[in-house]
Amino acid sequence: MNLFIKNIRQLVTVAAHGKPFKRGAEMRELHIVENGAVLIEDGIIRAAGSTNEIPQPNTIDVLDADGRIALPGFVDSHTHLVFAGSREDEFAMRAEGKSYREIAASGGGILSTMAATRAATKKELLHVAERRITEMLKHGTTTIEIKSGYGLSLESEAKILDVISILRRDSLATIIPTFLGAHAFQTEFNNDKQHYVDLIIARMLPYIGERTLATFCDVFCDEGYFDLHQTENILLEAKRYGLIPKLHADQLASIGATKLGAELNAASVDHLEHLTSDGIEALKKSSSVATVLPGASFFLQEPYAPARSIIEAGIPLAIATDFNPGSTMCFSMPMMMTIACTQMNMTPEEAITAATLNGAAALGLSGELGSIEAGKQADIVLYDVPQYRFLPYHYAFNHVWRVVKNGTVLEF
Ligand code: NIG
Ligand code: FE
């Protein structure tokens, strides 16, 4: 937990200088130190600067980066990584022209993963989730938000949240739990959707709130899923239990979800493929982070969220993977940055800020992590690349050389 890292060719600090996030033109300011060094004590960064200026202590471990590049560990602020089974047959159906919604309507989609997840034991879920987290760490992600949402009953949602609690306690990554009971309606509620909303409010939220099984409460607020009224009721009640709102907003259609999220002070509104100018205006007046999920658009052949308009409106923008078996079977943050740069016209600098500091802001954690600055958690990833722009440029290859998590060099 005490470590001195030296000879970093580019120390990409993404320094926020006390601000909770970067927005607008600030997103391009990475505050890079050439030939950098980082001094870590008790897992916390004590100093980050130039190798020539920070004296090398003679009592602690030294990691000679020998010209590698360092970035803050990625913060993946939106995943659904606790699930069983897989949906490659749906992937094949989409290749033949079927849409995500058509597949869901014919019994596939979220409900098919629900069935597999319900059938799995806690031990099985834990096992697959641990493997995924290890791979994510290997790819440079050190903080992961995980949503429930493939249980859709009190018992099964509680099982998933228990698994997330164990991961939180035992895993090397920082894990943040989110309750997403309002992810879909299982078939028995098709004719009485309100019944399920009542169940979430009367049974699930109290259960989760009393046991502090989640930090956030998310709702899939979209056409054919939870409407504005249901979403508002769930999130207002969630707040009473201390859960902070998040929303899946504007993914399939514009029904006003982003505006609702902004009004409810959601930590973030996520997806935004169909974000409207009203949504942008609402976000400008709020402190919610706009989280875009480039992998979902890429994988489902859907429109991309208007990242340029969001950035130009001065709204803090984060990038996350949305890792899940239906819409994004990918947990690589560098891959998301590549898609953001090639399909959403973001610059590599904006993508890096969005995948680190602003992702931390979407989780309310940017005071503790997301940049390489004194006082923050020492989550630093070193890459074997000539310069930081190489990362999104040479895509679908893992460039990680070493992962430092809470000041410890991980051994894989
Ligand atoms: O964020 N949109 C809702 N939920 C997920 C997809 C879940 C699934 O298809 O299993 C998403 O894209
Ligand atoms: Fe999602």
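Note that the structure is predicted; figures quoted are calculated from it, not measured.

Draft legend 1. Representation of empty space enclosed by the protein in the model. In this structure the tally under the stated criterion is 2 cavities of 30 Å³ or more. Size it by volume and the largest cavity reaches roughly 90 Å³. The wall of the largest cavity is formed by 13 residues, among which Tyr100, Ile110, His183, Asn324 and Ser327 lie closest to the centre. In the lining of the largest cavity, the residues fall into 4 nonpolar, 7 polar and 2 charged. Approximately 40 Å³ is the volume attributed to the second largest cavity. Lining the second largest cavity are Gln251, Leu252, Glu273, Ala296, Ser297, Leu300 and Glu302. Partitioned by chemical class, the residues of the lining of the second largest cavity number 3 nonpolar, 2 polar and 2 charged.

Draft legend 2. View of the site of ligand 1. Around ligand 1 sit 15 residues in total, of which Tyr100, Tyr150, His183, Gln251 and Ser327 are the nearest. For ligand 1, an oxygen atom lies 3.4 Å from a polar atom in the side chain of His80. Here a nitrogen atom of ligand 1 and a side-chain polar atom of Gln251 are 2.6 Å apart. For ligand 1, whose accessible area on its own is 330 Å², the fraction buried by protein is 100%. A majority-of-atoms criterion places ligand 1 in the largest cavity. The residue inventory of the shell around ligand 1, partitioned by class, reads 4 nonpolar, 9 polar and 2 charged.

Draft legend 3. Broad picture of the packing of helix H5 (residues 154-170) against helix H6 (residues 193-210). Relative orientation of the contacting elements H5 and H6 amounts to 25°, with a least axis distance of 10 Å. Considered as vectors, H5 and H6 are oriented roughly parallel to each other. Between H5 and H6 lies a crossing of right-handed hand. On H6, the residues that touch Leu154, Glu157, Ala158 and Leu161 of H5 are Arg203, Met204, Tyr207 and Ile208. The residue makeup of the contact of H5 with H6, split by class, is 6 nonpolar, no polar and 2 charged.

Draft legend 4. Main features of the layout of surface pockets. There is about 350 Å³ of room inside the largest pocket. Lining of the largest pocket is provided by 16 residues; of these, Ala104, Ala105, Leu111, Phe185 and Tyr225 occupy positions nearest its centre. Sorting the residues of the lining of the largest pocket by element identifies helix H2 (100-105) and helix H3 (110-119) as the ones contributing at least two each. Taken together, the residues that form the lining of the largest pocket break down as 7 nonpolar, 6 polar and 3 charged. The space that makes up the second largest pocket amounts to roughly 150 Å³. In this structure, the second largest pocket is lined by 14 residues; those nearest its centre are His139, Ser332, Met335, Ala396 and Phe397. A breakdown of the residues in the lining of the second largest pocket according to their chemical character gives 8 nonpolar, 6 polar and no charged.

Draft legend 5. Structural detail: the nonpolar core. Ranked by size, the top nonpolar core spans 104 residues in total, and within it Val82, Phe226 and Leu317 carry the most contacts. Beyond its immediate stretch of four places on either side in the chain, Val82 contacts Leu125, Ala129, Ile146, Tyr150, Ile160, Val163, Ile164 and Leu167. Core analysis: the second largest hydrophobic core is formed by 16 residues, Ile45, Ile380, Leu382 and Trp401 among them.

Draft legend 6. The arrangement of the pattern of salt bridges in detail. Inspection of the entire model under this criterion finds 19 salt bridges. The partner of Arg240 in a salt bridge is Glu237, with the nearest N and O atoms 2.8 Å apart. Taken together, the residues span about one helical turn, with Arg240 and Glu237 both in helix H7 (residues 228-240) at a distance of 3 residues. Of the charged contacts in the structure, one is a salt bridge between Glu349 and Arg389, with a shortest N-O distance of 2.8 Å. With Glu349 in helix H13 (residues 348-355) and Arg389 in the loop between strand E14 (380-383) and helix H15 (390-393), this pair connects stretches of sequence that are 40 residues apart. Taking the relative accessible area as the measure of exposure, Glu349 reaches 9% and is therefore buried.

Draft legend 7. A look at the coordination of the iron ion (ligand 2). Within the protein, the atoms that donate to the iron ion (ligand 2) are His78 (NE2), His80 (NE2), His248 (NE2) and Asp322 (OD), at distances of 2.1 to 2.2 Å. In primary-sequence terms, the residues that donate to the iron ion (ligand 2) follow H-x1-H-x167-H-x73-D. A residue pair is termed long-range when its members are at least 10 positions apart, and His80 in the loop between strand E6 (74-76) and helix H1 (88-95) and Asp322 in the loop between strand E13 (317-319) and helix H12 (333-343) qualify at 242 residues. Across this residue pair, the class does not change: His80 and Asp322 are buried.

Draft legend 8. Broad picture of the packing of aromatic side chains. According to the stated counting rule, one finds 11 aromatic pairs in the structure shown. Judged by centre distance (6.0 Å) and plane angle (75°), the ring pair of Phe185 and Tyr196 falls under edge-to-face. Taken as a pair, Phe185 in the loop between strand E8 (174-182) and H6 and Tyr196 in helix H6 lie far apart in primary sequence, 11 residues in all. A ring pair is formed by Tyr196 and Phe226, whose centres lie 6.4 Å apart and whose planes are at 50°; its orientation type is tilted. Of the two residues, Tyr196 sits in helix H6 while Phe226 sits in the loop between strand E9 (216-221) and H7, which places them 30 residues apart along the sequence. For Phe226, a relative accessible area of 0% corresponds to the buried category. An aromatic cluster is present here, built from Phe83, Tyr150, Phe323 and Phe331 joined pairwise through their rings. If you follow Arg132 out to its NZ or CZ, it ends over the ring of Phe83, 3.8 Å from the centre. The cationic tip of Lys246 hangs over the ring face of Phe216; the distance from NZ or CZ to the ring centre is 4.8 Å.

Rules and cut-offs
Residues numbered from 1 in each chain as written. Chains lettered and ligands numbered in written order. Predicted model: local features only at pLDDT ≥ 70, side-chain atom pairs only at ≥ 80, totals over all residues. Heavy atoms only, no water. 1 Å grid on protein atoms, 1.4 Å probe; cavity = no way out; pocket = protein on both sides within 12 Å on 5 of 7 lines; lining within 4 Å. Points joined across faces, edges and corners; volume = space filled by probe spheres on them. Nonpolar A, V, L, I, M, F, W, Y, C, P; charged D, E, K, R; others polar. Near = heavy atom within 4 Å. Polar contact = N/O pair within 3.5 Å; in protein donor to acceptor, adjacent residues only side chain to side chain. Areas by Shrake-Rupley, 256 points an atom, 1.4 Å probe, with all protein chains shown as cover. Sits in = over half its atoms within 2 Å of the grid points. Axes fitted to C-alpha atoms, helices over the stretch in contact; angles between N-to-C directions. Helix = DSSP H or I, 4+ residues; strand = E, 2+ residues; numbered from the N terminus. Parallel < 35°, antiparallel > 145°, perpendicular 65-115°, else oblique. Left-handed = near helix turned anticlockwise from the far one by under 90°. Contact = heavy atoms within 4.5 Å. Core = buried A, V, L, I, M, F, W, Y, C linked by side-chain atoms within 4.5 Å. Buried < 20%, exposed > 50% of the residue type's maximum accessible area, 1.4 Å probe, protein only. Salt bridge = Lys/Arg side-chain N within 4 Å of Asp/Glu carboxyl O. Donors = N, O, S within 2.8 Å, 3.2 Å for Na, K, Ca; no water. Phe/Tyr/Trp six-rings, centres within 6.5 Å; stacked < 30°, edge-to-face > 60°. Lys NZ or Arg CZ within 6 Å of the ring centre and 35° of its normal.

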